[in-house]
Amino acid sequence: METLDIKLPQMGLLYGLCLLPGLLLWLIGLRLSRDIAISILRMSIQLALVGIYLKMLFNLNHPWLNGLWILIMLAVADLSILRRAGLKARYFALATFTAISSSVLFSTAYLVTLVIQPAHFYDARYIVPLAGMILGNCLQGNVIALERFYSALRKNENEYATFLMLGATRWEAVRPYFRDAVKAAINPTIASMATMGLVSLPGMMTGQILGGSEPWLAVKYQIAIMICIFTSTAIASIINLKLSLNIAFNAYDVLKDEVIGKS
Amino acid sequence: MSPLIRFDQVSVTARNKTILSNISFALFPGDKAVLCGKSGSGKSSILRTLLGLYSLKSGTVYFQKIPLSPLSVQTIRSCTAYIGQEPMLGADNVREALLLPFQFKTHREHRPKEAQLIEVLQRLQLPADILNQESRSISGGEKQRIALARGLLLGKKLYLLDEVTSALDAESKQAVFDVFSDPRLTVLSVTHDTDWMARCSIIFELEAGRLAQVKRNGNT
């Protein structure tokens, strides 16, 4: 079974669909037409470039090139996590990179080599989209973990100091905020797994079905990717928070002002 | 007898502002000392510096002859009880708040029995049934005394009390003063309360982060 192509005139029709929400937004007084047009244009150009690059990547299917692509994705995700979490990249970039790369590479390698077992473990058709999906979700989780943890510490500075004054070690004093942050990071994935298929059909599964896969095969891939997303998000957020503790606190267990960005 | 704590020409800056300048004093076991001065004169900063919450610009802080350092700070904190003006109980109810420090490794072996909790509450004129009350339902004065009770349960060598009687009525205040007048306890306090100052052996007057005057037993 082959996926039906969307030809250029039909793509034009698709863009035309945006006119309807655009008109409604204009009628209720929201002047967003410029922002919407820029976003649609950016999306189209970015995806076109990714399409060209992926096509090239799939054709060449070279292990180093595939690895380089994943490395670039990790580096971009690293900076994106820190920017969105309000932390300074020059202090935390290495810790976050270590956390996300170890967890994403571990989960992807586990999935590809032990579960899917393609002819070549570096097959771009598998590792690039799978690592990308795992990383994308891991990114969200790490933003939540870091943002939640450091904003809770800033908000509860007196409580944290009280714990220290009552004899807690740094780890004992931060543990309540640490647990809350990890819970917040993995909760969306847990909720998503619990309602998957009931509330919405997952994107990857839909994509595979449209691509011609048997629904049962698509289901198995969806389960595999969700387990890997959950695993990598949990591992990365724990490692990331743990590594960040050595950077964010001074030797007296006081949160360093200079390493935390403006809240 | 060697001093329990000693500040030797200590200066502290925080956020590019000098908050303590060239402070030197010593406190011996059993001493009751008061830090007084205008708001912002550095009273609370002295307590916080001793606990390693501010980095020293110069000088040395000693606790039982051991200089304050990243290696010794945990030991100093575990020998000291700091109670602030608006203490954080850090737990949902009073019993959990009193037992909170005993969850930490350093105090885990010394978890007090119910009778000890009640005894220390009664010394501070708090009823035993307050143990089951929710932390959010208790008054500011009760909160201060619960934090003091928690400090006493830990049996520390040094008590750092930062305006801890500000929300107390006269009777409760006297009970607190009686408890901390115990000659076995060493107390460094921040207060404007003249009754407590009269019970103390040393009064340190601070002005703009400097030690302006030291009075001992009424003598300057």
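Note that the structure is predicted; figures quoted are calculated from it, not measured.

**Some words on the overall build of chain B**
- The secondary structure content of chain B amounts to 7 helices and 10 strands.
- Counting only C-alpha atoms, chain B reaches 45 × 40 × 35 Å along its principal axes.
- For chain B, with 220 residues in total, the buried portion stands at 51%.
- In chain B, 66% of the contacts between residues at least 6 apart in sequence involve partners at least 24 apart.
- Summed over all atoms, the accessible surface of chain B reaches about 10,400 Å², with 46% contributed by carbon and sulfur.
- When the 28 basic and 21 acidic side-chain charges of chain B are each reduced to a single mean position, those positions are 9 Å apart.

**Section: the pattern of salt bridges**
- What the rule picks out here adds up to 9 salt bridges over all chains.
- One salt bridge in this structure joins Arg 170 of chain A and Asp 253 of chain A, with 3.1 Å as the shortest N-O distance. Of this pair, Arg 170 of chain A sits in helix H8 (residues 170–195) while Asp 253 of chain A sits in the segment after helix H10 (215–248), and the two are 83 residues apart along the sequence.
- Accessibility expressed as a relative area gives 9% for Asp 253 of chain A, which makes it buried.
- The salt bridge involving Asp 253 of chain A is made with Arg 77 of chain B; its shortest N-O contact spans 3.2 Å. Taken together, the residues span two chains, with Asp 253 of chain A in the segment after H10 and Arg 77 of chain B in helix H2 (residues 73–78).

**Describing the domain arrangement of chain A**
Residues and elements named next belong to chain A.
- Domain boundaries in chain A define domain 1 (1–60) and domain 2 (62–259).
- Placing the centre of domain 1 and that of domain 2 at their C-alpha centroids yields a distance of 28 Å.
- On the domain 2 side, the residues contacting the 7 residues of domain 1 number 10 residues.
- Counting each side, the surface lost to burial between domain 1 and domain 2 is near 830 Å², with a carbon and sulfur contribution of 72%.
- At the junction of domain 1 and domain 2, the tally comes to 1 residue pair in polar contact (both at pLDDT 80 or more).

**Topic: the interface of chain B and chain A**
- Each side of the interface is counted separately: chain B has 25 residues, and chain A has 17 residues.
- For the pair chain B and chain A, the summed buried area comes to about 1,900 Å², and 60% of that belongs to carbon and sulfur atoms.
- The largest contributions to the chain B side of the interface with chain A come from Arg 77, Met 88 and Phe 104 of chain B, which together make up 33% of the buried area.
- Inspection of the chain B/chain A interface yields 2 salt bridges.

**Looking at the side chain of Asp 123 of chain A**
- Checked against the element boundaries, Asp 123 of chain A lands in the loop between helix H5 (89–116) and helix H6 (124–155).
- If we skip the residues at most four places from it in the chain, Asp 123 of chain A touches Asn 61, Asn 66 and Pro 118 of chain A.

**Comments concerning helix H1 (residues 43–50) of chain B**
- Of all 8 residues making up H1 of chain B, 6 are buried, and the element is well covered by its neighbours.
- Among the residues making up H1 of chain B, those that are buried are Lys 43, Ser 45, Ile 46, Leu 47, Thr 49 and Leu 50 of chain B.

**A word on the sheet that holds strand E7 (residues 158–162) of chain B**
Residues and elements named next belong to chain B.
- Strand order in this open sheet of 6 strands is E6-E7-E8-E3-E9-E10, and the pairing throughout is mixed. Looking at the sheet topology across the chains shown, the edges are occupied by strand E6 (80–83) and strand E10 (210–216). Neighbour-to-neighbour, the strand axes of this sheet turn through a mean angle of 15°, independent of strand direction.
- Both strand E3 (residues 32–37) and strand E8 (residues 186–190) contribute to a ladder of 4 bridges, which runs parallel.

**What to know about the nonpolar core**
- Grouped together as the largest cluster of nonpolar side chains are 135 residues, with contacts concentrated most on Phe 149 of chain A together with Phe 180 and Leu 188 of chain B.
- If one sorts the elements of this core by residue count, H6 of chain A sits on top with 17 residues.
- Residue contacts for Phe 149 of chain A: discarding those within four places in its chain leaves Val 174, Tyr 177, Phe 178, Ala 181, Leu 241 and Leu 245 of chain A.

**Section: a nonpolar patch on the surface**
- Together, Leu 20, Leu 23, Leu 24, Trp 26 and Leu 27 of chain A line one region of the surface with nonpolar side chains, adding up to about 560 Å² of accessible area.
- One can find Leu 24 of chain A in helix H2 (residues 19–27).

**Some thoughts on the sheet that holds strand E2 (residues 17–27) of chain B**
All names here are of chain B.
- Ordered by their spatial adjacency, 4 strands build an open sheet running E2-E1-E4-E5, and the pairing between neighbours is antiparallel. If you trace the sheet from one side to the other, it starts and ends with E2 and strand E5 (66–67), each paired once.
- Relative to strand E4 (residues 56–63), strand E1 (residues 5–14) runs antiparallel, the two being bridged by 6 bridges. What sits directly across from Arg 6, in E4, is Tyr 62.

**As for the packing of aromatic side chains**
- Inspection of every chain in the model, using the stated rule, returns 13 aromatic pairs over all chains.
- Within the aromatic cluster, the residues linked to one another by ring pairs are Phe 92, Phe 149, Tyr 150, Trp 171 and Phe 178 of chain A.

**Focus: the pairing of E8 of chain B**
Residue and element names in this part refer to chain B.
- With 5 of its 5 residues buried, E8 lies for the most part within the structure.
- Of the two faces of E8, the one holding Thr 186, Leu 188 and Val 190 and the one holding Val 187 and Ser 189 are both buried throughout.
- With 5 bridges connecting them, E7 and E8 associate as parallel partners. In the sheet register, Asp 162 faces E8, and the bridge partner there is Val 190.
- Once you follow E7 into helix H6 (residues 170–180) and on to E8, the crossover reads as right-handed.

**Remarks on helix H3 (residues 33–60) of chain A**
- In this model H3 of chain A runs 40 Å from its N-terminal to its C-terminal C-alpha over 28 residues, within 8% of the 40 Å that 1.5 Å per residue would give.
- Immediately downstream of H3 of chain A, the backbone of Asn 61 of chain A shows phi near 45°, a positive value.

What counts as what
- Residues numbered from 1 in each chain as written.
- Chains lettered and ligands numbered in written order.
- Predicted model: local features only at pLDDT ≥ 70, side-chain atom pairs only at ≥ 80, totals over all residues.
- Heavy atoms only, no water.
- Helix = DSSP H or I, 4+ residues; strand = E, 2+ residues; numbered from the N terminus.
- Buried < 20%, exposed > 50% of the residue type's maximum accessible area, 1.4 Å probe, protein only.
- Contact = heavy atoms within 4.5 Å.
- Areas by Shrake-Rupley, 256 points an atom, 1.4 Å probe, with all protein chains shown as cover.
- Lys, Arg positive; Asp, Glu negative; His and termini not counted.
- Charge placed at Lys NZ, Arg CZ, Asp CG, Glu CD.
- Salt bridge = Lys/Arg side-chain N within 4 Å of Asp/Glu carboxyl O.
- Domains from an automatic or database assignment.
- Buried area = accessible area lost by both parts, 1.4 Å probe.
- Polar contact = N/O pair within 3.5 Å; in protein donor to acceptor, adjacent residues only side chain to side chain.
- Pairing = 2+ DSSP bridges.
- Axes fitted to C-alpha atoms, helices over the stretch in contact; angles between N-to-C directions.
- Core = buried A, V, L, I, M, F, W, Y, C linked by side-chain atoms within 4.5 Å.
- Patch = residues over 30% accessible without salt bridge, like charges linked within 9 Å, V, L, I, M, F, W, Y side chains within 5 Å.
- Phe/Tyr/Trp six-rings, centres within 6.5 Å; stacked < 30°, edge-to-face > 60°.
- Right-handed = clockwise from strand over helix to strand, strands pointing away.
- Expected span 1.5 Å × (residues − 1).

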